[in-house]
Amino acid sequence: MTEVNPDEAVPEEQPAYKRASIFRNWISLSGVIVAFGSLFAFMLLFAIDMMTGHSNPYMGILAYLVAPVFLVIGTSLLIVGAVIRRSKIARATARGELLPKEVQLTRRRYKKDLVLFAVGASIFLLLTAIGSYQTYHFTESVVFCGQACHEVMKPEFVTYMHSPHARVSCSECHIGSGANWYVKSKISGAYQVYATAFDKYPRPIKTPISNLRPAQETCEQCHWPPMYVGNLDRTYNHFLADKENTPYSVRLSLKVGGGDATQGPIGGIHWHMNVNNKIEYYAADKQKQNIPWVRVTNPQGVVTVYRTEEFQGEPEASAINVMDCMDCHNRPAHIFKSPNDAVDLAMSVGILDSSLPALKRRAVEALTAEYATETEASQKIATELNRHYGDDPRVGSTIDAVQQIYSNNFFPEMKANWQVYPNNIGHKDWLGCFRCHDGLHSSADGLLNIKADDCNACHTIIAQGKGEELNLLAPKGLEFDHPDGDFLGLTCSDCHTGALQ
Ligand code: HEC
Ligand code: HEC
Ligand code: HEC
Ligand code: HEC
Ligand code: HEC
Ligand code: HEC
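Residues numbered from 1 in each chain as written. Chains lettered and ligands numbered in written order. Predicted model: local features only at pLDDT ≥ 70, side-chain atom pairs only at ≥ 80, totals over all residues. Heavy atoms only, no water.

(A) Structural view of the overall build of the protein chain. On a plain count of helices and strands, the protein chain comes out with 13 helices and 9 strands. Across the 501 residues in the protein chain, those meeting the buried criterion constitute 38%. A sequence separation of at least 24 residues applies to 64% of the contacts in the protein chain between residues at least 6 apart. In the form shown here, the protein chain has an accessible surface area of approximately 28500 Å², with 60% of it arising from carbon and sulfur atoms. (Helix = DSSP H or I, 4+ residues; strand = E, 2+ residues; numbered from the N terminus. Buried < 20%, exposed > 50% of the residue type's maximum accessible area, 1.4 Å probe, protein only. Contact = heavy atoms within 4.5 Å. Areas by Shrake-Rupley, 256 points an atom, 1.4 Å probe, with all protein chains shown as cover.)

Here's what the structure looks like:
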């Protein structure tokens with residue numbers, strides 16, 4: 001049966017056809033199903049994401065990248081089908097043959113086609129729904145964030161698994177909730193997939209991450225800033241790099257205090273918390289290790305600016321940071337232990353036997369050497385330790401322990417280790433607190449309150465040394481008895497780098 005299209009002049013002898021009918025072929029129709037399926041998947045993913053309140057970065061890849069790709073595929077199929085059919089029609093017309101059969105779903109005669117189409121489409125949409133939902137769940141998991149892009153995220157994933165936050169999901173710190181960040185994370189998530197696929201990512205991954213969300217919206221969702229901590233008693237166990245691995249420990253009472261008067265006296269280290277006082281700073285370098293300018297606004301609104309002597313201008317407004325948790329706790333989840341700290345820890349708990357002569361030095365040396373891959377590191381660590389302790393029955397377990405430290409904290413393929421990620425919580429291996437408390441920052445009214453050599457201001461040294469010495473507590477605080485003697489005029493991190501001094 002032919003219909004005459006009144007808009008087109010169809011020659012009498014040729015069978016007429018509707019222009020739109022070029023879409024009535026199986027290829028174009030499958031294109032329509034795929035396109036609808038992707039739209040459907042997009043809406044579903046979007047709805048799930050809105051309803052669950054929090055989001056994950058890879059939802060964006062699914063909703064804004066994968067779904068649209070299928071939309072494009074669907075549309076392309078639609079066009080390809082139409083082009084093929086049009087050329088078939090043209091050929092048939094030229095030769096005066098019968099036109100190719102068209103798929104017509106609305107006619108009774110084609111009921112079978114309609115049923116086929118409906119069943120096919122339903123199965124496809126159902127599978128799309130199940131598929132998108134499952135994929136969504138997968139991308140939310142820590143497994144996906146930490147392991148799907150295995151090599152890229154391995155350093156962060158492994159260190160995270162050994163951190164106090166091992167049970168907090170990546171997205172709770174890196175995304176948080178809310179529409180604005182949600183979209184930002186989509187964009188950067190999509191970029192990350194591109195960077196991974198085309199090997200465009202930097203090694204190591206750079207920090208600080210420029211779009212890391214402020215602590216108020218991540219950390220402070222779990223940690224209540226007004227909380228009063230008071231004093232924390234911590235012992236730092238070390239071993240010297242001499243033949244005897246001489247133990248040296250220092251026990252500190254850290255004056256963490258608090259920043260909210262309803263919970264306890266305001267003061268101590270958490271005085272900086274954003275609750276009562278506002279602290280802003282300008283960093284001259286990307287890694288925020290050089291801070292020449294600090295501004296404090298107290299609860300009465302009085303503003304004080306501290307500067308180093310070299311820096312006399314005013315920083316640009318856009319370069320001013322508001323101090324938050326992460327300016328001190330910048331490594332809460334990805335703790336790359338330095339060789340010095342990792343070996344000290346293993347020795348203090350007995351995983352490494354401190355009676356093996358000069359083991360502290362040898363182990364730190366083996367860990368600090370440059371290796372191209374983890375396999376190479378493993379082999380060379382074994383060779384090196386065998387050379388020194390080959391005759392000792394403890395050599396096997398010693399090698400295992402050092403290799404374990406290496407694989408937990410060193411990632412040569414990504415060039416990631418303690419050296420590339422400054423840790424700002426203390427002041428021994430990095431400037432940390434001494435970025436501001438170095439005795440070089442002053443305002444019109446005088447020096448910034450606490451200077452680096454006020455050793456009992458941020459903490460009280462309540463015991464130090466080894467053995468019995470550690471049981472002689474001095475609540476008033478001791479003068480620091482540095483194992484290597486005086487270090488006049490130098491800052492700890494001038495000598496201490498996390499490796500051997
Ligand atoms: C407790 C919060 C928290 C959790 C949980 C967390 N991160 Fe991070 N992450 C951070 C902070 C803070 C930084 C910025 C560090 C800095 O500026 O020095 C960071 C940095 C990173 C970096 C940049 C490289 C680096 O090491 O600094 C990557 C990549 C990263 N995180 C991935 C992950 C992955 C993957 C997970 C889950 C397996 C995860 N993060 C879990 C807080 C977290
Ligand atoms: C989803 C909740 C959650 C988020 C988000 C979170 N934390 Fe935590 N954090 C915890 C829990 C739970 C612990 C306690 C772990 C334990 O005691 O086993 C903890 C422990 C800590 C500790 C003490 C660790 C130690 O070494 O004693 C610090 C410091 C800390 N978090 C800082 C942060 C910072 C900074 C951020 C933001 C980058 C953050 N947290 C984000 C839940 C969270
Ligand atoms: C001026 C630096 C600084 C700032 C800013 C800061 N902290 Fe701390 N915080 C410390 C230090 C130092 C400790 C002592 C523990 C240590 O040395 O690891 C500590 C301890 C903690 C602990 C462990 C308490 C315990 O009982 O074990 C938590 C949790 C914590 N901080 C969370 C936060 C949160 C959340 C914020 C932001 C609202 C924050 N801190 C801001 C320096 C800081
Ligand atoms: C960005 C600069 C900056 C950094 C980094 C910084 N502080 Fe401060 N801190 C200040 C300023 C400014 C003050 C107020 C000084 C004044 O009042 O003269 C202050 C005050 C303090 C006080 C006295 C609070 C009170 O009771 O009045 C302590 C304790 C302290 N800081 C410890 C630390 C520790 C520990 C760290 C490292 C974990 C640290 N600070 C890192 C800027 C900084
Ligand atoms: C601005 C505050 C501040 C001042 C001033 C300060 N410290 Fe500390 N110190 C800290 C904090 C915070 C930590 C805890 C770091 C951590 O949790 O890893 C620390 C840790 C230490 C440790 C243990 C580090 C380790 O890994 O063994 C020693 C030792 C120490 N301080 C000695 C000193 C001496 C000596 C002085 C004076 C020359 C001094 N501190 C001045 C804040 C300060
Ligand atoms: C002039 C260089 C120099 C300066 C500055 C310096 N140290 Fe040391 N420190 C050494 C040397 C050398 C040793 C002995 C290392 C060994 O035998 O392992 C040592 C040992 C230590 C140890 C025990 C062993 C270890 O590796 O942890 C601690 C803790 C320590 N220093 C803390 C500090 C602190 C805190 C400061 C700053 C307040 C500081 N040092 C400043 C050179 C220095």
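(B) Seen up close, the sheet that holds strand β9 (residues 459–465). Strand order in this open sheet of 3 strands is β1-β2-β9, and the pairing throughout is antiparallel. Whereas interior strands pair on both sides, the edge strands pair on one side only; in this sheet they are β1 (230–239) and β9. The average angle at which neighbouring strand axes cross in this sheet is 15 degrees, direction not considered. Sheet analysis places β1 next to strand β2 (residues 247–257), joined by 10 bridges and oriented antiparallel. Residue pairing for β2: Tyr236 is matched across the bridge by Val250. (Pairing = 2+ DSSP bridges. Axes fitted to C-alpha atoms, helices over the stretch in contact; angles between N-to-C directions.)

(C) Main features of the coordination of the iron atom of ligand 3. Those donors, His270 (NE2) and His329 (NE2), are the protein atoms that reach the iron atom of ligand 3, and they lie 2.0 Å from it. The site at the iron atom of ligand 3 holds 6 donor atoms, and with the angles between them running 86 to 178 degrees, its shape is octahedral. Of this pair, His270 sits in the loop between β2 and β3 (278–282) while His329 sits in the loop between β6 (320–322) and α9 (339–348), and the two are 59 residues apart along the sequence. (Donors = N, O, S within 2.8 Å, 3.2 Å for Na, K, Ca; no water. Tetrahedral: all angles 85-135°; square planar, octahedral: opposite > 155°, others 65-115°.)

(D) Just the site of ligand 4, in detail. Taken together, 20 residues are adjacent to ligand 4, and His272, Cys433, Cys436, His437 and Asn449 come closest. The backbone of Asn449 places a nitrogen or oxygen atom 2.9 Å from an oxygen atom of ligand 4. (Near = heavy atom within 4 Å. Polar contact = N/O pair within 3.5 Å; in protein donor to acceptor, adjacent residues only side chain to side chain.)

(E) How the structure looks around the coordination of the iron atom of ligand 5. Taken together, His427 (NE2) and His459 (NE2) make up the full set of protein donors to the iron atom of ligand 5, lying 1.9 to 2.0 Å away. Taken together, the 6 donor atoms surrounding the iron atom of ligand 5 define angles of 86 to 179 degrees at the centre, an arrangement classified as octahedral. Of the two residues, His427 sits in the loop between α12 (395–409) and β7 (442–443) while His459 sits in strand β9, which places them 32 residues apart along the sequence. The buried category is assigned to His459, whose relative accessible area is 13%.

(F) Fine view of the site of ligand 6. Near ligand 6 lie 18 residues; those nearest to it are Lys428, His482, Cys492, Cys495 and His496. Measuring from an oxygen atom of ligand 6, one finds a backbone N or O atom of Ala241 at 3.0 Å. Residue Asn340 places a side-chain N or O atom 3.2 Å away from an oxygen atom belonging to ligand 6. In terms of residue class, the shell around ligand 6 is built from 9 nonpolar, 7 polar and 2 charged. (Nonpolar A, V, L, I, M, F, W, Y, C, P; charged D, E, K, R; others polar.)

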